[in-house]
Amino acid sequence: MRTRILTILAYTGAALTLVVAVCVPFVLMGAFSNAVAHAGLHIDAAYSGGTVARTIDRGRYTIVVYQPVEPRLLERIEPFVQIVFEPAESLPAHVSDEIDLDGDGRPDVRVSFNVPADANAPLRGDVTALNATYISLTNVAGESFSRMVVRAGKQIVVRIPLHEGPARR
Amino acid sequence: MASRSSALARPPAFRGVGRSILLTLPMALWSLLMFTPSFQHASGDHYIGAAAVILFMTGLFFLMMRTGETYRWRRIFFVALGFLFPVGFIAALVAERGTMSIPISRMVSGDTPFCFMVTPSIILPAAFARTVIFPGSILPTASNPHSIAIMIGLWFALTLVMGKAWCSYACFFGGIEEGFAALPKRRRLHRFITRFGAQLRLIPWAILVFVVLVSAAIFEPVYCMWLCPFKAVTEFPAVRNVETAIQMVVFIALFVGLVVVLPYLTKKRTQCGFFCPFGAFQSLFNKINLFEIRINREKCVDCGLCQTSCPTVALSKDSIREGKTLLNCMKCGACVDACKKDAAVWHLKGTPVAAKPERARLLFLYGTWALATMFGGSVLANGVHTLIGFLPLK
């Protein structure tokens, strides 16, 4: 009797597996993808740059300032703050901007770079720290996740490393 | 080896042509259904690619029905998958960015296609910090359709049906080493592998535990960044400093050693069996999958042919005595085809062993081959389409 019940259950399970297989491309794949999409996950700030703090309007273009990203206990990145210039096509041939990163009304860094007409051309830039919280960068491109001036699609992404310690807010 | 011995074990025609065609018909219709979108907005190359895949997948399924063999025909598909995936993938990368390397700018813009191999590494940070430690995007974008949500959804759906059989019907990386393992006639290092099989089988679990814990600790996909042999034939972080240069050397060394040289020498899938942490992770799904391979002790003569033929050493003397395969069995069918006594059989859990092995095989193959056609077929079609593009016809 037990064998018979188990056999019936096994074939029912196998039939269900087949039904699941048929449903995969039409329903299930999308359903599982939606579940992942709505799970409240976000990309690690080392890659995404973290959350937006505010935007600064410069007329032709906008500067998006992100919250500083702190490494977790054993994370191998330096603390940094990301700023994004967009849209890249609207930027002048040479950008030199003094930017208030911490929102205290005073500029914290000067960022300067040339914008090549060719979007695929290499990009390099300089960052001059105007207060002790930030670290200056010279002729930087995409050295690391904490130090970069790169073109990413329609944006110029700049990441400025922060000094460790209590000088930071 | 396995196919030769299986040719001895079974008569050439296991099932009549008519019955084989009837059994193949659902799969032919499924293939058409899967590739109908390809026909709707197809160029000539797409049309040829999709048509070739429909014929290929349906033809192989017919041969499985006709001969009663699984491993030989599955291997043809799997090796084609393994070699056509990099063709399509690399061609797309080179066309888009001119190189196989991922510049850091693409990582920060979330344009890295998600790879299922990284799945175990992201689980703990996702569960405890809601953070995905991969430089992709959660939702698909115009520049990255292979988003994390899409790829995990696809992997999970396929895994529900296939379990560990993912490793022998869906994983295009495994196809590459299976291709190299198929090349030599002679098997080398056999004694070493037999003697140390138990220890070798533990390595993927050790690597799995290592990458899961270390990835969670340092918030980096450690396997992707340091250990994945297949970075050598897909994409890899652009060399920008000493660390990324070392990573590149590691990727190439692992690929040459584990995917080319050792499979060629041993006729085993050494990367899958003795290294791949994703394979170990996937083994866990064998527990919930209904299909398995069993050894019928009443027929078994302990000749060891099944053990020798297994590409991932998923059989041991003890497991054969118990009439079971080990947890890492990927249901490729090599042992079943190799067994001259028909003692190694397909089995549906819950039913008596060897009661209806062919029925269990059919139920397994319909679900698995259908999804292999859907997932692997699209990869094959893309590869064929790319190859046609290389021909000097245009």
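Residues numbered from 1 in each chain as written. Chains lettered and ligands numbered in written order. Predicted model: local features only at pLDDT ≥ 70, side-chain atom pairs only at ≥ 80, totals over all residues. Heavy atoms only, no water.

Description of the domain arrangement of chain B
Residues and elements named next belong to chain B.
Logical step 1: What the domain assignment reports for chain B is domain 1 (12–99 + 356–389), domain 2 (102–108 + 115–286) and domain 3 (290–355).
Logical step 2: Taken over C-alpha atoms, the centre of domain 1 sits 26 Å from the centre of domain 3.
Logical step 3: In terms of surface lost to domain 3, no three residues of domain 1 exceed Tyr71, Pro357 and Phe364, which account for 50% of the buried area on that side.
Logical step 4: For the pair domain 1 and domain 3, the interface holds 0 salt bridges.
Logical step 5: Inspection of the domain 1/domain 3 interface yields 2 residue pairs in polar contact (both at pLDDT 80 or more).
Logical step 6: Put simply, the parts of the chain that give the side of domain 1 that touches domain 3 at least two residues each are α4 (71–97) and α18 (357–390). (Domains from an automatic or database assignment. Buried area = accessible area lost by both parts, 1.4 Å probe. Salt bridge = Lys/Arg side-chain N within 4 Å of Asp/Glu carboxyl O. Polar contact = N/O pair within 3.5 Å; in protein donor to acceptor, adjacent residues only side chain to side chain. Helix = DSSP H or I, 4+ residues; strand = E, 2+ residues; numbered from the N terminus.)

Here we look at α18 of chain B
Logical step 1: At Gly376 of chain B, α18 of chain B shows its strongest bend, of approximately 35°.
Logical step 2: α18 of chain B sits mainly inside the fold: 25 of its 34 residues count as buried. (Bend = angle between axes of the 7 residues up to and from the residue. Buried < 20%, exposed > 50% of the residue type's maximum accessible area, 1.4 Å probe, protein only.)

Examining the side chain of Asp100 of chain A
Residue and element names in this part refer to chain A.
Logical step 1: Along the chain, Asp100 falls in the loop between β5 (94–99) and β6 (109–114).
Logical step 2: There is a polar contact of 3.0 Å between the side chain of Asp100 and the backbone nitrogen of Gly103.
Logical step 3: A polar contact is formed between the side chain of Asp100 and the backbone nitrogen of Gly105, at a distance of 2.9 Å.
Logical step 4: Contact partners of Asp100, with chain neighbours within four places excluded, come to Arg54, Ile56, Val65, Gly105, Arg106, Pro107 and Asp108. (Contact = heavy atoms within 4.5 Å.)

Overview of the interface of chain A and chain B
Logical step 1: Facing the 41 residues of chain A at the interface are 54 residues of chain B.
Logical step 2: Across the chain A/chain B interface, buried area totals approximately 4,000 Å², and carbon plus sulfur atoms make up 73% of it.
Logical step 3: Of all residues in chain A, Tyr11, Tyr47 and Arg76 of chain A give up the largest surface area on contact with chain B, accounting jointly for 17% of the area buried on that side.
Logical step 4: Linking chain A with chain B are 2 salt bridges.
Logical step 5: A salt bridge links Glu220 of chain B to Arg76 of chain A; the shortest N-O distance between them is 2.8 Å.
Logical step 6: Taken together, the elements giving at least two residues each to the side of chain A that touches chain B come down to α1 (2–37), β1 (42–43), α2 (45–48), β9 (142–144) and β10 (147–152) of chain A.
Logical step 7: Examining the composition of the side of chain A that touches chain B, we find that 20 residues originate from one element, α1 of chain A, more than from any other.
Logical step 8: Considering only residue class, the side of chain A that touches chain B consists of 24 nonpolar, 10 polar and 7 charged.
Logical step 9: The sheet contact formed by β1 of chain A and strand β2 (residues 131–132) of chain B spans 2 bridges and is parallel. Counterpart to His42 of chain A in the pairing with β2 of chain B is Thr131 of chain B. (Nonpolar A, V, L, I, M, F, W, Y, C, P; charged D, E, K, R; others polar. Pairing = 2+ DSSP bridges.)

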